[in-house]
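Understanding the architecture of this molecule
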Protein chains: 2
Amino acid sequence: MVTIYDIAKQANVSAMTVSKVINNTGKISEKTRSRIKKIMEEMNYVPNSMARSLVLQETKMLSLLIPDITNPFFTTLARGAEDAAMRLGYKLLFGNSDESLTKEKEYVDMILSTRVDGVLFSAASDLSGPHLQTLRLHRIPFVLLDRAVPGHECDTVTGDSREGARKLVEHLISLGHRRIALVNGSLAVSTARDRLAGYNDALKLNDIAVDDTLLLESNYKHFEDGPLLRSMLELPDPPTAVFAGNNFLAVGLIRKLLELGVRVPEQMSVVCFDDLGASVIDPFFTVASQPAYQFGAMGIQLLVDRIKGATTPEWKKIVLPSELVVRSSSAPPPAE
Amino acid sequence: MVTIYDIAKQANVSAMTVSKVINNTGKISEKTRSRIKKIMEEMNYVPNSMARSLVLQETKMLSLLIPDITNPFFTTLARGAEDAAMRLGYKLLFGNSDESLTKEKEYVDMILSTRVDGVLFSAASDLSGPHLQTLRLHRIPFVLLDRAVPGHECDTVTGDSREGARKLVEHLISLGHRRIALVNGSLAVSTARDRLAGYNDALKLNDIAVDDTLLLESNYKHFEDGPLLRSMLELPDPPTAVFAGNNFLAVGLIRKLLELGVRVPEQMSVVCFDDLGASVIDPFFTVASQPAYQFGAMGIQLLVDRIKGATTPEWKKIVLPSELVVRSSSAPPPAE
DNA sequence: TTGTACGCGTTATCAC
DNA sequence: GTGATAACGCGTACAA
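The paragraphs below set out a description of the structure included in this document. (Residues numbered from 1 in each chain as written. Chains lettered and ligands numbered in written order. Predicted model: local features only at pLDDT ≥ 70, side-chain atom pairs only at ≥ 80, totals over all residues. Heavy atoms only, no water.)

This structure, assessed with the given rule, holds 42 salt bridges over all chains. Of the charged contacts in the structure, one is a salt bridge between Glu-30 of chain A and Arg-33 of chain A, with a shortest N-O distance of 3.8 Å. In this pair, Glu-30 of chain A and Arg-33 of chain A are both assigned in helix H3 (residues 30-42), three residues apart and thus about one turn of the helix distant. On the accessibility criterion, Arg-33 of chain A (13% relative accessible area) is buried. Here Asp-275 of chain A ties to Arg-327 of chain A by a salt bridge, and the two come within 2.8 Å at their closest N and O atoms. Of this pair, Asp-275 of chain A sits in the loop between strand E9 (269-273) and strand E10 (286-289) while Arg-327 of chain A is found in the segment after strand E12 (323-325), placing the two residues 52 residues apart along the sequence. Judged by relative accessible area, which is 23%, Arg-327 of chain A ranks as partly exposed. Residues participating in the shared-partner salt-bridge network are Arg-79, Glu-82 and Asp-83 of chain A together with Asp-98, Lys-103 and Lys-221 of chain B. (Salt bridge = Lys/Arg side-chain N within 4 Å of Asp/Glu carboxyl O. Helix = DSSP H or I, 4+ residues; strand = E, 2+ residues; numbered from the N terminus. Buried < 20%, exposed > 50% of the residue type's maximum accessible area, 1.4 Å probe, protein only.)

Below, the structure written as structure tokens:
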């Protein structure tokens, strides 16, 4: 491996002069500068970023922890973070916790030993609290993305889940639905709680009683509660519409409905949070679409501001609006 | 930041003793070992992996470069790579080249300066050759994933694109199609060339003449050639089926067809390479499905073998089979 | 404008 | 069993 010393020897200068050329620091005559640059080219020299980090006490690396790398919401968010990071001169270390606390912990350990300058953290659930404590203990700045963690004040970029959920459900109500089910993610995740709250808001605003038998708590990765759905459909007064907590739940739900011979939207309307990304043929779902790319981009911006101390001490809370997009998965309830 | 010396001082031993405890190396009395461990806990000590890498001359990090982080094929591949890497004690540094040579180069530079132990490389195109040269020049082991680069012999994990394409097209032929269009990715990408070859194989085997007017070279990210498609449909003898080079092309194509009022599969059959992942509602496409997760997992295995010198000198070429999955996007051609 | 001495946090070697 | 020393590749402070 060619080092700064090899270059120095070749150029008949000290290592320091080479270092100064690399970093454009100090005064160097144009002549030696270009001579050294040429030699670096010829010898294929690449600075060792670890050695540099060791002395500089910064890595110029940020870490992005997401809970599901297969979900288009998070991959789009990742693209936003990646672009912003690169633009600001940082590298991004991706981590995929797979909604698992164990994996998340492994990534936190790696983050600590790698000494990244900051973390963009989309928590697996409320139980991620200790992981945030660990980061704080080690003075690693972080920004929470998409999901808040109760009891942890910090910079955050979240969506307006409550608002968005209310709009979706009111859309259903305006179509004439009054029996509206909610198939949600785990209530240990803040967005799921907010979406439930928005759902409740909408019902209350329209004088519809909340019926617990219409509430299903599943998880954001897969819809696995076919039997519960079936018994919900067999209720004396079954739902005519379902609000799914995220895109994957909506997909799983629809698959199950198709299997059960329930047509959407003729017999059952389905709406959901988050869009489905590029791989969908016929935009079909009525959704509350979130600006995923912006989540990542703004998160990085916030994080870098915090690292550079360019922010006021109080925590910044950015809330990104979701947009109600009405498509063909929602329609008036079937006539009695 | 607490260092090995802080621990040593607290424990009244030398830094060396602490190091030995950390790495379970050398002889240490059980008593001091547990005492030191306890102190490390209390002081929240985390080894600095950069300092360690500097002296050890290895980082235990691998890099994965993929061309499209929004494509389910590559995210699934990434999951496979991630799991395998973690299992073998390596961290994974993701890079998303976005099918862009410029971004790819930036990632290669970062790879060099980070001194990763090896690279899993899914090349943007044949033009990535120089990037591979760079890696080789710096003696960084790499494994090519999914896409070969002509003129670069190395370990590879690829799919049987030619075979799979032939099977897909023969499936169409067996349904009665004889005018079969190909909407392909850039021919600067090896898989696109292989799929074209498989397409040609199938036609030749069945005595169907290749008609250049039925060939469209687009790109794997988006289908953007609506006008060309339209003129193809206005041909005196238009195609009755299309073979799309990958999943995103198929989706873009279908969207365009819907727009033009062409029904699939009644008026036009569509088949494609790669499946669409978890976010698809009603598995619809007839596809050649590739074991994406395996691509990543086996790639890591190969790479680590190579790093450890556990492999024979000759290059390993793993070819993963694709599976023809017949669904509802393909049907006999419309009766004349 | 250029060079010297030192330190960043860790481990290998070898002596005690 | 334990410890002193040097080395990994680089940048800062200070001299020259």
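In this section: the side chain of Ser-289 of chain A. The residue Ser-289 of chain A is located in strand E10 in this model. Residues in contact with Ser-289 of chain A, not counting those within four places in the same chain, are Asp-275, Pro-321, Ser-322, Glu-323 and Val-325 of chain A. (Contact = heavy atoms within 4.5 Å.)

Time to look at the protein's contact with DNA strand C. The immediate surroundings of DNA strand C are formed by 25 residues, with Thr-17 of chain A together with Ile-4, Met-16, Ser-19 and Tyr-45 of chain B found nearest. Sugar plus phosphate: this is where 63% of the atoms of DNA strand C within 4 Å of the protein reside. One of the side-chain N or O atoms of Ser-19 of chain B is found 2.7 Å from a phosphate oxygen in DNA strand C. Among the secondary structure elements, those contributing two or more residues to the surface near DNA strand C are helix H2 (15-23) and helix H4 (49-56) of chain A together with helix H1 (4-11), helix H2 (15-23) and helix H4 (49-56) of chain B. For the surface near DNA strand C, the leading source of residues is H4 of chain B, giving four residues. (Near = heavy atom within 4 Å. Polar contact = N/O pair within 3.5 Å; in protein donor to acceptor, adjacent residues only side chain to side chain.)

Residues and elements named next belong to chain A. Contact geometry of helix H6 (residues 101-114) with helix H7 (residues 129-137) gives a least axis separation of 10 Å together with a crossing angle of 5°. Here H6 lies roughly parallel to H7, going by the angle between them. Residues Leu-101, Glu-104, Lys-105, Val-108, Ile-111 and Leu-112 of H6 form the contact with H7, whose own contacting residues are His-131, Thr-134 and Leu-135. Classifying every residue of the contact of H6 with H7 by side-chain character gives five nonpolar, two polar and two charged. (Axes fitted to C-alpha atoms, helices over the stretch in contact; angles between N-to-C directions. Parallel < 35°, antiparallel > 145°, perpendicular 65-115°, else oblique. Nonpolar A, V, L, I, M, F, W, Y, C, P; charged D, E, K, R; others polar.)

All names here are of chain A. Within strand E6 (residues 180-184), five of the five residues are buried, which leaves the element mostly enclosed by the surrounding structure. Burial along E6 is two-sided: Ile-180, Leu-182 and Asn-184 and Ala-181 and Val-183, pointing in opposite directions, are all buried. Relative to strand E8 (residues 241-244), E6 runs parallel, the two being bridged by four bridges. Bridging from a neighbouring strand, Val-183 pairs with Ala-244 of E8. Bridging between E6 and strand E7 (residues 215-217) involves three bridges; their strand directions are parallel. Bridge pairing links Leu-182 to Leu-215 in E7. Between the parallel elements E6 and E7, the chain passes through helix H9 (residues 190-205) in a crossover that is right-handed. (Pairing = 2+ DSSP bridges. Right-handed = clockwise from strand over helix to strand, strands pointing away.)

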